[in-house]
Structure formats: structure tokens, C-alpha cells
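Residue-level structure breakdown
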Amino acid sequence: MSTPALERPARPVPRHRASDLLAAYLPGSFFHSSTRGTLLADGVHASVPPVAGPRADAVAEALDAARVAGVRDPLVVGALGFGPDAESSLVVPAVVRRADPLGAAPPAEPGLAGSLQGWAVRQRPAPEEYEAGVRRALALIEDGGLRKVVLGRCLELTAGQEVPVPVLLRRLARANPTAHAFAVDVTAPGDPATRTLVGASPELLVARRGTEVVANPLAGSVPRVPGTSPGAEADNRRRVAALLASDKDRREHALVAAQVGEVLGRFCTDLHVPAEPEVIGTPTLWHLSSRITGRLPAGPAVSSLALAEALHPTPAVCGVPVPEARAVIADLEPVDRGYFTGLVGWTDPAGDGEWVVTIRSAEVSERTVRLFAGAGIVEGSQPAAELAETSAKFRTLLRALGTEDE
């Protein structure tokens, strides 16, 4: 007698070298790497139809249909935008390849041709207008009802030649080996050319593996001094100590950690929210960080995407309370965020998966690159300091593009 299909042992998933998957990426593919592993998906077996509100049920239906159609080990991969009814790009790919993490010391990647001086640059809003927006947000916070709002800026760059997305992705992934590097095709009907969302996010929204759940919210940041000289290292130690001691940054972080813990507490047992944040670093910034862990109860479990949608938007990218913060963002930000501060990731039929916050990111279409960065405004925020924070956050992409100038 043959073994029932559900009881057959799972076939081993072929493994590849992470560097080979990174080298094989082409626009139209989906790429995602983190300290948990690397994934490259190609082709489209099926697209998840757009729906109003949460997408987790539609994703589960797409995965069920893919298994019935004979797709081996199906996944849904892609991105969701910031707003509750924002655009999304979610597909069941035709081919998925996996590998171990990229590692901490991959080979250097040649620079991109040209520099920012040869590009047309538009800042939206202009720096002085951004500072004015921060002052308006602070006045609303002082009036009561609003505790925090995250205000974003956009840089629109136009090059003299098409921007090579694979090179940009490789530079991001290799410069930020502990981040979540990603590239997603987000071309929408009516777009005149391929549009790719690419970035290196330091912020894990949520990951699920079996019953284990992990979230790692970040809030409260300070620019990092570049270099490895003794002077730079001493300056960075002072900045880390000042960040840990900053009342303003700790209050900003506490709002985020509390909200993430409250939401995950609806689903998890054995939930652990650290009493104190720690500091993690990227090549351009230091962040206050809390690694929050929990365990799902036995029985049918909520999927990684359902958890991500329950958490989104956290106060790290929106504010507190959410409705009031959304209204302020719509009023003060001149550019629709689209996918910025949304979600990028993947989920499987069992509900396991990994979703990151779409920050340190850009949308690339032919010669155009749109970069986004934001800063959390709370009581005690200083407009000039918040502007400087967004400028530091832009540097992740600006460095990958071959310049640190604005």
C-alpha cells in the first residue's frame, strides 16, 4: 500500500550558494536575504488578487490552489504598501531557490557608473518645509490626542542612463550583510516601465517558524560616525551611550515595543518583551532595538502574514494613535508613500514566513530612483535633528548608488 500523500516524508529542498542566488537575480524576480537564509523566486504561477483590507486569507487560498495544481512547496512572496488599501504585489512563483545566509564578508561589488552630481535631484519636501512639518506635528502633540507621528521625506533622482537594479541590489546586500536585503517587482497595470522595490531593511516586523514568533522593532536612532579609526570608534561609543540615555528616544522606542508586545500577546503564549532596549548598528545608524519573542499555542496557528498585518503599521513607521497619525501623515507628506513603510516578505502553506518593514528602500524605474526616509516625532523632538536623521537614513541607498551627497 502506498503512503498517503500527507504522510509522505518531505523531499529535501535543494540548497544553493547564497552568492549564486544574488548573482542570478534579474528584474522581475523576487530576492530576499536575512540572517535566516536567502531566497530567489522566479516566474509567476499565479498572482494573488488584490482585495480590500487584510490579504492573509487571499494568500492562504492562493497557496491551497497552488498545491492542488501540483506546485511543489509553494510560497507566496511579495510586498504590501503602507496604507490599508494600498497597492500590493503578491505572487506564487513558478520556481523557488533557497540558500544559507550571505555571510559577513562577501566580495566587494564594483561601484555604479556616474555620481549624484550628474543626476537631477528633487527633494520632497524641501529641507526647510520638512522642518516646518515637524514643528506642526509638535504643536499637534502639545495640543493632546497625538503622541507620536512618523514624517517621511522623498528624494527623486533621475540619472542620465538606466539604473542597473541587479548591481544596486548586490551593493546593498554586500554592504549590509545583517540586514534584510530585498528586490520585488511592483510593476502595476498602466506603469510605463518595470518598477522595482529594492532595499536593505534593518527591521524585522515578524517571523514565524512553527510555533515560534520573533519581532524586532526599531525606534530611536542616531547617525553613525563612519570609519574605523580610534577617534571614530570613540565617537560612536559616546553616541551609543547617549542614545541609551536619551529620554526622548527611549520614550519613542517604548511606544513601539509596547504596541508590538500588546498585539503579539493576543496570539502568543510565553511572550517576552525586554524591559530595556539594546543598541544595534547599521553602516549608517545606531538604533534602539527590542527583540520580542513568543510561542503560538498548539492547534491551528495564525500565519506569519496574518501576524504581520495585525502588527502593521507599528508606531515605528506611523504613530500613536494610528488614525490620528495617518491623518497627519496624509496632511503633511507631499508624496504618497506607496510601498515605503509597508511590508516585504514571504509565507508558506504552513504559515511560516518572514516579513520586514520596507525602510532603507527605493523604487527604481529605468532612469528614475525614488528614495524614502522618515523620523519619529514625539514631545522633545528637534526639527533640525529629525531632518538630520532622515538624511542619515538616505545614506544606505545613496552609498549603494555611489554617493553620500544629497
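Scoring rules and cut-offs
Along each chain, the written sequence defines residue order, and numbers are assigned to residues from 1. Reporting in this predicted model follows two pLDDT cut-offs: at least 70 for local features of residues, and 80 or more for side-chain atom pairs to be given and counted; totals over whole chains, interfaces and linings ignore these cut-offs and use all residues. Values shown for side chains rest on all heavy atoms present in the structure; no hydrogens or waters enter the calculation. UniProt positions are given in the numbering used here, feature names are shortened, and annotations may be inferred rather than shown by experiment. Under the scheme used here, helices are H or I runs from DSSP no shorter than 4 residues and strands are E runs no shorter than 2 residues, and both carry numbers assigned from the N terminus. Radius of gyration means the value over C-alpha atoms here, while the globule rule gives 2.2 Å times the residue count to the 0.38 power. Only protein chains enter the area calculation, which uses a 1.4 Å probe; residues under 20% of their type maximum are buried, those over 50% are exposed, and those in between are partly exposed. Contact definition: two residues touch when any of their heavy atoms are within 4.5 Å. All accessible-area figures derive from a Shrake-Rupley calculation using a 1.4 Å probe, and residue coverage is judged against the displayed protein chains alone. Two strands form a pair only when DSSP identifies at least two bridges running between them. The axes used here are C-alpha line fits, helices contributing only the stretch in contact, and every angle between their N-to-C directions lies in the interval 0 to 180 degrees. Centre distance within 6.5 Å is the pairing criterion for rings of Phe, Tyr and Trp, where only the six-membered ring of Trp is used; planes under 30 degrees apart are then read as stacked, over 60 as edge-to-face, and the remainder as tilted. Each ring is checked for a lysine NZ or an arginine CZ that lies within 6 Å of its centre and within 35 degrees of its normal; such an atom marks a charge sitting over the ring. The cut-offs work like this: below 35 degrees is roughly parallel, past 145 is roughly antiparallel, 65 to 115 is roughly perpendicular, and the gaps in between are oblique. Put simply, a crossing is left-handed when the front helix is turned counterclockwise from the back one by less than a right angle, and right-handed when it is turned clockwise. Counting rule for disulfides: a pair of cysteine sulfur atoms within 2.5 Å. The directions from the helix axis to the C-beta atoms are what the arc is built from.

The chain appears in an unreviewed UniProt entry as isochorismate synthase from Pseudonocardia lutea. Recorded in UniProt under Catalytic activity (unreviewed entry), the annotation for the chain is "chorismate = isochorismate". Listed under Sequence similarities (unreviewed entry) in UniProt, the entry text for the chain is "Belongs to the isochorismate synthase family."

Some points on the overall build of the chain
Helices and strands together make up the secondary structure of the chain, namely nine helices and 23 strands. For 406 residues, the compact-globule estimate of 2.2 N^0.38 gives 22 Å, and the C-alpha radius of gyration of the chain, at 21 Å, lies within 12% of that figure. With the C-alpha coordinates aligned to their principal axes, the bounding extent of the chain is approximately 75 × 50 × 45 Å. A buried classification covers 53% of the 406 residues belonging to the chain. The contacts of the chain with a sequence gap of at least 6 include a subset with a gap of at least 24, amounting to 74%. When the accessible surface of the chain is split by element, carbon and sulfur atoms take 53% of a total near 17700 Å².

Here's the deal with the sheet that holds strand 14 (residues 218-223)
Pairing is antiparallel across the open sheet formed by three strands, whose spatial order is 14-17-16. With partners counted over all chains shown, the strands left at the sheet margins are strand 14 and strand 16 (278-281), one partner each. Taken over all neighbouring pairs, the strand axes of this sheet differ in orientation by 30° on average, direction set aside. Where strand 16 lies against strand 17 (residues 285-289), four bridges are found, and the strand directions are antiparallel. Residue pairing for strand 17: I280 is matched across the bridge by H287. Packing against the sheet, helix 6 (residues 247-265) makes contact with strand 14 and strand 17, and its axis sits at approximately 150° to strand 14.

Observations concerning the packing of aromatic side chains
Per the stated rule, a full pass over the model turns up one aromatic pair. Look at F340 and F372: their rings are 5.2 Å apart centre to centre, the planes differ by 20°, and that puts the pair in the stacked class. Residue F340 is found in the loop between helix 8 (322-332) and strand 20 (343-347), and its partner F372 is found in strand 23 (residues 368-377); the two are separated by 32 residues along the sequence. The ring of Y130 carries R153 above its face, with NZ or CZ at 6.0 Å from the centroid. For R326, the ring lying beneath its charged end belongs to F82, and the centroid distance is 4.9 Å.

So, the UniProt feature "domain: Chorismate-utilising enzyme C-terminal" (unreviewed entry) in the chain
The feature "domain: Chorismate-utilising enzyme C-terminal" (unreviewed entry), as given by UniProt, occupies residues 127-393 in the numbering adopted here. In residues 127-393, helix accounts for 35% and strand for 31%; the two terminal C-alpha atoms are 14 Å from one another.

What about the sheet that holds strand 21 (residues 353-357)?
Ordered in space as 4-6-5-20-21-12-13-18-15, the nine strands form an open sheet in which the pairing is antiparallel. For this open sheet the edge positions go to strand 4 (46-47) and strand 15 (269-272), each flanked by a neighbour on one side alone. Pairing between strand 20 and strand 21: five bridges, direction antiparallel. Residue pairing for strand 21: V344 is matched across the bridge by V356. Sheet strands in contact with helix 6 are strand 13 (212-216), strand 15 and strand 18 (292-295), and its direction is about 5° off that of strand 18. Seen against the sheet, helix 7 (residues 304-311) touches strand 5 (76-80), strand 12 (204-209), strand 13, strand 20 and strand 21 and runs at an angle of roughly 155° to strand 12.

With respect to the environment of A385
Mapped onto the secondary structure, A385 falls in helix 9 (residues 383-400). A385 sits 32 residues away from G353 along the chain, and the two C-alpha atoms are 36 Å apart.

Digging into the packing of helix 3 (residues 127-143) against helix 9
Look at helix 3 against helix 9: their axes get within 9 Å of each other, and the N-to-C directions meet at 125°. With respect to their mutual orientation, helix 3 and helix 9 come out oblique. Judged by the sense of rotation from one axis to the other, the crossing of helix 3 with helix 9 is right-handed. Every residue of helix 9 that contacts helix 3 at P127, Y130, E131, V134, R135 and L138 is listed here: P383, A384, E386, L387 and T390.

A few points about the state of the cysteines
Throughout this description, disulfide means a covalent bond between two cysteine sulfur atoms. By the definition in use, this model includes zero disulfides. Looking at C154, it has no disulfide partner, and the nearest cysteine sulfur is the one in C318, 18 Å off.

Some points on helix 8
Those residues of helix 8 lying buried are A325, V328, I329 and L332. In an axial view of helix 8, the angular spread of the buried residues amounts to 100°, which keeps them on one side of the axis. Across from the buried face of helix 8, at angles greater than 90 degrees, the exposed residues are P323, A330 and D331. Where helix 8 is buried, its residues touch helix 3, strand 9 (148-158) and strand 19 (319-320).

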